[in-house]
Amino acid sequence: MTAGRNGLKTIDITLIGMFVALMAIGANITTIFPFMVVGGVPITLQTFFCILAGALLGSRLGAIAMSVYVLVGLVGAPVFAQFKGGFATVVSPTFGFLLSFILVAYVTGLIIEKNGSKASYVIATLIGTAINYVVGTNLMFMAYKMWAAAPEGFTYSLVWGWMMVPLPKDIILAVCAALIAPRINIARKKVMSHQTKHAS
């Protein structure tokens, strides 16, 4: 999939761009449904697309796609939740979730690369979801305690209480990603094999 050891093929760049766009769309689903914000945390489809990036692109390209997404947002493009962007996002309590996407995509892809069974897809997507929650929630708690304006009665258990709201949705979507990703990968391999035969 790569041109040389470190280079990227045109198809790789295209797929990376596609997932950056999907992440931006998934981040702003709350613009359609404004009530999907609990405790300042938007309920988005970012985790789903992040996991799917790792499952379809692999650990390396998946992590690159998420890194590009975060960098595009930091330079000012309104690709984060609620059409936010800019370097000021770094001090946002939810910035930890954005950082976690890079690790989530990498670990999800790595697990599948080591064992491409159907079970590994389920394990990988659920572990990816767990990483997103653990990293993002703990960094959000730290942000509220250190510099952000915490709501009244703020506690560690309260933060996790907020995260229990989107958790069922993210678990279901993780399983959905585990079910569709191997089929897409199989179809993609068939297309690439067909193109290679015609090219030769």
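Residues numbered from 1 in each chain as written. Predicted model: local features only at pLDDT ≥ 70, side-chain atom pairs only at ≥ 80, totals over all residues. Heavy atoms only, no water.

The next point concerns the UniProt feature "transmembrane region" (unreviewed entry) in the protein chain. Residues annotated by UniProt as "transmembrane region" (unreviewed entry) correspond here to residues 12-29, 35-57, 64-83, 95-112, 119-147 and 159-181. Across residues 12-29, helical content stands at 89% and strand content at 0%; the span's end C-alpha atoms are separated by 26 Å. Taken end to end, residues 95-112 is 100% helix and 0% strand, and its first and last C-alpha atoms sit 27 Å apart. (UniProt positions renumbered as here; feature names shortened; annotations may be inferred. Helix = DSSP H or I, 4+ residues; strand = E, 2+ residues; numbered from the N terminus.)

Taking 1.5 Å as the rise per residue, helix α1 (residues 10-27) with 18 residues should run 26 Å; its terminal C-alpha atoms sit 26 Å apart, in good agreement. Those residues of α1 not exposed but buried are Asp12, Leu15, Ile16, Phe19, Val20, Met23, Ala24, Gly26 and Ala27. (Expected span 1.5 Å × (residues − 1). Buried < 20%, exposed > 50% of the residue type's maximum accessible area, 1.4 Å probe, protein only.)

On the surface, Val91, Leu99, Leu139, Met142, Met146 and Trp147 cluster together into a nonpolar patch covering about 590 Å² of accessible area. The greatest single-element share of the nonpolar patch, amounting to three residues, is contributed by helix α4 (residues 118-146). Its location among the elements puts Met142 in helix α4. Among the residues examined, Met142 registers a relative accessible area of 41% and is labelled partly exposed. (Patch = residues over 30% accessible without salt bridge, like charges linked within 9 Å, V, L, I, M, F, W, Y side chains within 5 Å. Areas by Shrake-Rupley, 256 points an atom, 1.4 Å probe, with all protein chains shown as cover. Salt bridge = Lys/Arg side-chain N within 4 Å of Asp/Glu carboxyl O.)

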